[in-house]
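Spelled out, the chains give:
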Amino acid sequence: MTPDSIELAVVGGTGLYALAGLQDVEAHQPVTRYGTPSGPVRVGTLAGRRVAFLARHGEGHSVPPHRINYRANLAALQMLGARRVLALNTVGGIGERFGPRVLACPDQLIDYTWGRISTLCEEPGTEVLHVDFGDPYTPALRAQVLEAARTAGVALVDGGCYGATQGPRLETKAEIARMRRDGCDLVGMTGMPEAGLARELGLEYACLAIVANWAAGAGPDPDEVITLEDVLANVDAASAGIPALVAAL
Ligand code: HPA
């Protein structure tokens, strides 16, 4: 395999630990200057192209959002030759258009995380970077994702603001009410620092958000309790179209 033979890298989130349809898979475990990724990077063939898949939380979901080595994950994909990254993120819905089982391709984000290593210039002596991040997701890749969804016949909401929270606990109703006032449509725990690091690494990066539940107090029943079973069942149902979308992409 030549280093730039990977057409697309897919990073899977909660409930998405493998990429259906990936064939002739080889597992790689690159060691990067930032350490080791969450698990093996599985490189295989999908729709005749080389595609890489990495489970962000590890294949057994053993790494919580605040402990993920986001730098190593993205650097590992880049070392293997990836230039385009599609991030699959399981989220809660805040805005009306973002109910459970909706797929969305957000175009903005707000970072509420804290204490995570969020830049490549963490270590003394590294070059100080001030990358442009006005549009946090690569517009050209977003356009390709939307086009791929149309081609594959998969319903996908265009746009929305992703609010990245620290987790691993879910949010309070007051936190979600504040996020709504801030303009957030979606809430998840892994959107940052991943998107910022991708920009620093020079990777194209877009998010495919999978709405697993109404965020706390945001749905028609404000007292609904969010359970892991509901989250996983909704991710399962909403993910049915993802292999076709990725193949089209
Ligand atoms: N909040 C934060 N992250 C999430 C949620 C949520 O409600 N659902 C799935 N990931």
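Scroll up for the structure.
A quick note: this is a predicted structure, and the numbers were derived from the prediction, not measured.

**Student:** Sorry, what's going on with the site of the ligand here?
**Tutor:** By nearness alone, 14 residues border the ligand, and Gly92, Val187, Gly188, Ala212 and Ala215 come closest of all. Mapped by element, the contributors of at least two residues to the shell around the ligand are strand E5 (84-93), strand E10 (186-188) and strand E11 (204-214). Residue composition of the shell around the ligand, grouped by class: eight nonpolar, five polar and one charged.

**Student:** Before we go on, may I ask you to explain the packing of helix H1 (residues 70-79) against helix H4 (residues 194-201) in this structure?
**Tutor:** For any two helices packed against each other, the geometry is given by the interaxial angle and the distance between the axes. In the contact formed by H1 and H4, the axes pass within 10 Å of each other and the chain directions differ by 40 degrees. Comparing their axes, H4 and H1 come out oblique. Relative to H4, H1 is oriented so that their crossing is right-handed. Taken together, the residues of H4 that come into contact with H1 (itself represented by Tyr70, Arg71, Leu74, Ala75 and Gln78) are Glu194, Leu197, Ala198 and Leu201. Counted by class, the contact of H1 with H4 contains six nonpolar, one polar and two charged residues.

**Student:** Explanation requested: unusual backbone geometry in the structure shown.
**Tutor:** Among all residues save glycine, negative phi is the norm, and among peptide bonds the norm is trans. The omega torsion across glycine 167 and proline 168 is -5 degrees, close enough to zero to call that bond cis. Along the chain, proline 168 falls in the loop between strand E9 (161-164) and helix H3 (173-182). In the segment running from methionine 192 into proline 193, the intervening peptide bond is cis, with an omega of 10 degrees. Its place among the elements puts proline 193 in the loop between E10 and H4. Of note, the phi angle at aspartate 24 is positive, near 50 degrees, even though the residue is not glycine. Summarising the element assignment, aspartate 24 is placed in strand E2 (residues 23-28). The exposure class assigned to aspartate 24 is exposed, which follows from the 9 C-beta atoms found within 10 Å. Its identity is not glycine, yet arginine 101 carries a phi of approximately 80 degrees, on the positive side. Tracing the sequence through the fold places arginine 101 in the loop between E5 and strand E6 (103-105).

Criteria and cut-off values
Residues numbered from 1 in each chain as written. Predicted model: local features only at pLDDT ≥ 70, side-chain atom pairs only at ≥ 80, totals over all residues. Near = placed C-beta within 6 Å. Helix = DSSP H or I, 4+ residues; strand = E, 2+ residues; numbered from the N terminus. Nonpolar A, V, L, I, M, F, W, Y, C, P; charged D, E, K, R; others polar. Axes fitted to C-alpha atoms, helices over the stretch in contact; angles between N-to-C directions. Parallel < 35°, antiparallel > 145°, perpendicular 65-115°, else oblique. Left-handed = near helix turned anticlockwise from the far one by under 90°. Contact = placed C-beta atoms within 7 Å. Buried ≥ 20, exposed ≤ 12 C-beta atoms within 10 Å, placed from the backbone.

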